[in-house]
Amino acid sequence: MATVRISDVSRTFGDTTAVRDLDLDIADGEFFVLLGPTGAGKTTSLRLVAGLETPDEGALFIGDADVTHASPADRDVTFVFQQYSLYPNYTVFENLAFPLRAPGRRLSDAEIRRRAAWVGERLGITDKFDNRATELSGGEMQRVALGRAIMRQPAVHLMDEPLSSLDAKLREALRSELKALQTEIGSTILYVTHDQSEALALADRVGVLGDGELLQVGSPEEIYRHPDSVVVARQLGSPAVNILPCDVLNVTGTGASDVGLRPEDITLGDPRTSGDGLVATVRQVERLGAENTVILTLGGRELRAMTAPELSLDKGTEVSVQFLPEDLLYFDRDGRRLTA
Amino acid sequence: MAEIRLNQIHKSFEDFTAVSSLDLTVPDGKFFVLLGPSGCGKTTSLRMIAGLERPTSGEIFLDDDEVTASRASDRDIAFVFQHYALYPFMTVRGNIAFPLKTQGVARRERNRRVAEVARQLRLEDRLDEPVFTLFGGDRQRVALGRAIIRHPRAYLMDEPLGTLDAELREHMRTELRGLQDRMQATMVMVTHDQIEAMAMADLVAVMNAGRVLQVGSPMTLYRRPADTFVARFVGSPAINFLEIPGPLPANSETVTMRGSAVPVRPTTTAVDHDMVTVGIRPEYVRLADDGTLAGRVITAEYMGTHHLLTVETELGRLRVRDTHRRRAAPGERIGVSFEGREMLLFDPASGRAVQAIDDVSGE
């Protein structure tokens, strides 16, 4: 395992700057997730580290080696894609073993079997070792692809939305398994996704990308609780953060233009007995099982609050809206966070 | 608006049975969701209601009118497709008014109804723009507008939000549900996304392999699933399943887990096997020093509003929804206990619930 250093890297395609001045240090054994919408530069960043793209400017290091101009094969990285990339006519075991039999490595059969047994058990694919890749479900194929990468024990794992073609239940299950594996073996992983829950759940640190630039880097807790901008705040959380003009929440004297408030930081009460004057009307209640999302109208604006599933509210009910001042996020006119 | 009733519907394509013994009532003015994995028969069922497929046997009623054999165009039902078929170079107004134009409705009446629909859908400012300039959510609204303007007896929608990105989908589901509330329309929506079903529906029918497994309010399906398939399909993160020793007689009020008696809702059916399947949702498992089971944290995933722990216990791996501010660390030893009233007991052979399936939507 190794560190990765991306030093002021830029990459332009024609008139489009896909990645601009990307500067990032990833620690040895760190699970680092790049999060952003389509077109933010996530995949280009990953391909630059893989050597599938060459930077126009800047330098790349894996461990102590400058790999800026090294070929992909010389970088000691593995790449797991969104689309399964197994050899269809090989069995699962052959797919796992193949990279380790390559001329540069040539591991003994005993060692290959030992490693295959180890990942097979952790990813629940041992009983599929003799099946052909074409006989597998999507979830099983992606388990094999992940297992194959992990068996190689490279300096760095690169993963491009490896879970996004799976259905919701599988995605969630495999997400936890991947996290457990990484915790156990301490691999360095650079992972890109557009799915905020995946980023929060998996990452030691998250880098939020927008329009080719790194907007903020921090632990999941840091970027969720302390976003630097409206753009970052909106990228994280489901239901999404409420962003409202200050006067809607009776916030004055802060110099802020807008405030952000997360749905779970709102408490709803009876307006006759609680709160200090903010009264909203219940428009809809989405009962999601473990929690409810209550959609309210406040001062002509939409506000989303998260409540316990036991709280039942009828449409049209008036409720008081309460929150702690320390949970408010203050933003200036340009959407930048103001800190006291 | 109308009530829709399906009576013993079968549908086969050559030797493949798409839908069998389907009995379903969609009450007038309700938002009804057909939920299930791909290939479960939900879209075929919807297409039969629309008149786009003929059932092999069985009957379909709109209120008291039997429509089993009537053509789609004679049913007065609006179908909103997943890939909205709009005329891209026509304006929003032109697209919405189109069905009235083909019916020969006079211009003045058309304009009045377009204005009404535009208000309901908040499209007033976009009426004169060509459709190709609009983004996903607005296009979706135009497609809806074209359905609404006919004042049909019911609306059918096949994965209407499926092509939108996550943020827009969340927004559109609120909007669509709000619209249904304002119009008090009978709506039937097909989706494979259980969150969408939970968030939007008055009633959900869960389907698998051509059959309806359970019909109920979202909370009833979530807290009182009729079988292990429904329990697993509904809810995210997924429900935990454990096995405890059986048999278990009817009218049992406790189960034994690792030597401790845990009070549960009484069983109505006996389990005559040497094990009983227990389902428990992640939010009903609690961390407790002197818990029922001892465990070790495998992973702790930060989810913003809570942590999702994976805990290895003596009875297998459990997901725990932990709302404490401090994140438990992998390797940490903890105890877990269970909210007994929310423990779900199933027959391991049939997968059927062995407790009463009471309606909990009012709780």
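For the structure itself, look to the data block above.
Residues numbered from 1 in each chain as written. Chains lettered and ligands numbered in written order. Predicted model: local features only at pLDDT ≥ 70, side-chain atom pairs only at ≥ 80, totals over all residues. Heavy atoms only, no water.

### Comments concerning helix 5 (residues 166-183) of chain B
The periodicity of an α-helix, 3.6 residues per turn, causes residues three or four places apart in sequence to face the same way. Residues and elements named next belong to chain B. Under the 1.5 Å per step criterion, the end-to-end length of helix 5 is 26 Å for 18 residues, consistent within 8% with the ideal 26 Å. Those residues of helix 5 that fall on the buried side of the exposure criterion are Glu 170, Met 172, Arg 173, Thr 174, Glu 175, Leu 176, Arg 177, Gly 178, Leu 179, Gln 180, Asp 181 and Met 183. Gln 184, located one to two residues past helix 5, shows a positive phi value of around 50°. (Helix = DSSP H or I, 4+ residues; strand = E, 2+ residues; numbered from the N terminus. Expected span 1.5 Å × (residues − 1). Buried < 20%, exposed > 50% of the residue type's maximum accessible area, 1.4 Å probe, protein only.)

### So, a negative patch on the surface
Taken together, the side chains of A:Asp8, A:Asp21, A:Asp23 and A:Glu57 make up a negatively charged region of the molecular surface. On the secondary structure map, A:Asp23 appears in strand 2 (residues 16-26). (Patch = residues over 30% accessible without salt bridge, like charges linked within 9 Å, V, L, I, M, F, W, Y side chains within 5 Å. Areas by Shrake-Rupley, 256 points an atom, 1.4 Å probe, with all protein chains shown as cover. Salt bridge = Lys/Arg side-chain N within 4 Å of Asp/Glu carboxyl O. Lys, Arg positive; Asp, Glu negative; His and termini not counted. Charge placed at Lys NZ, Arg CZ, Asp CG, Glu CD.)

### Details of the pattern of salt bridges
Opposite charge on two side chains permits them to pair, given that their charged atoms come into close proximity. All told, the structure shown has 52 salt bridges over all chains when counted by the stated rule. Residue A:Arg11 pairs with A:Glu53 through a salt bridge whose shortest N-O separation is 3.2 Å. Of this pair, A:Arg11 sits in strand 1 (residues 4-13) while A:Glu53 sits in the loop between helix 1 (42-50) and strand 4 (57-62), and the two are 42 residues apart along the sequence. The exposure class assigned to A:Glu53 is buried, which follows from its relative accessible area of 15%. Note that B:Arg286 and B:Glu339 form a salt bridge whose closest N and O atoms lie 2.3 Å from each other. Residue B:Arg286 is found in strand 15 (residues 285-287), and its partner B:Glu339 is found in the loop between strand 19 (333-338) and strand 20 (344-346); the two are separated by 53 residues along the sequence. We classify B:Arg286 as partly exposed; its relative accessible area is 39%. The class of B:Glu339 is partly exposed, set by a relative accessible area of 30%.

### Concerning the pairing of strand 7 (residues 156-160) of chain A
Residues and elements named next belong to chain A. For strand 7, the buried fraction is high: 5 of the 5 residues fall into the buried class. On strand 7, burial covers both faces: Val 156, Leu 158 and Asp 160 on one face and His 157 and Met 159 on the other are all buried. Two strands pair when backbone bridges link them, and strand 6 (residues 77-80) and strand 7 are joined in this way by 4 bridges, in the parallel orientation. Paired with Val 80 across the two strands is Met 159, which belongs to strand 7. Relative to strand 8 (residues 189-193), strand 7 is paired through 4 bridges, and the arrangement is parallel. If you follow Asp 160 over to strand 8, its bridge partner there is Val 192. (Pairing = 2+ DSSP bridges.)

### Details of empty space enclosed by the protein
Residues and elements named next belong to chain B. Scanning the model with the defined rule gives 1 cavity of 30 Å³ or more in all. Approximately 40 Å³ is the volume found for the largest cavity. In this structure, the largest cavity is lined by Arg 224, Pro 225, Arg 265, Leu 344, Leu 345, Phe 346, Ala 353, Gln 355, Ala 356 and Ile 357. Looking at the lining of the largest cavity, its residues break down into 7 nonpolar, 1 polar and 2 charged. (1 Å grid on protein atoms, 1.4 Å probe; cavity = no way out; pocket = protein on both sides within 12 Å on 5 of 7 lines; lining within 4 Å. Points joined across faces, edges and corners; volume = space filled by probe spheres on them. Nonpolar A, V, L, I, M, F, W, Y, C, P; charged D, E, K, R; others polar.)

### Let's talk about the side chain of B:Arg113
All names here are of chain B. Structurally, Arg 113 can be placed in helix 3 (residues 107-121). Given the relative accessible area of 12%, Arg 113 is considered buried. Leaving out residues up to four positions away in the same chain, Arg 113 has contacts with Leu 100, Ile 149, Arg 150 and His 151. (Contact = heavy atoms within 4.5 Å.)

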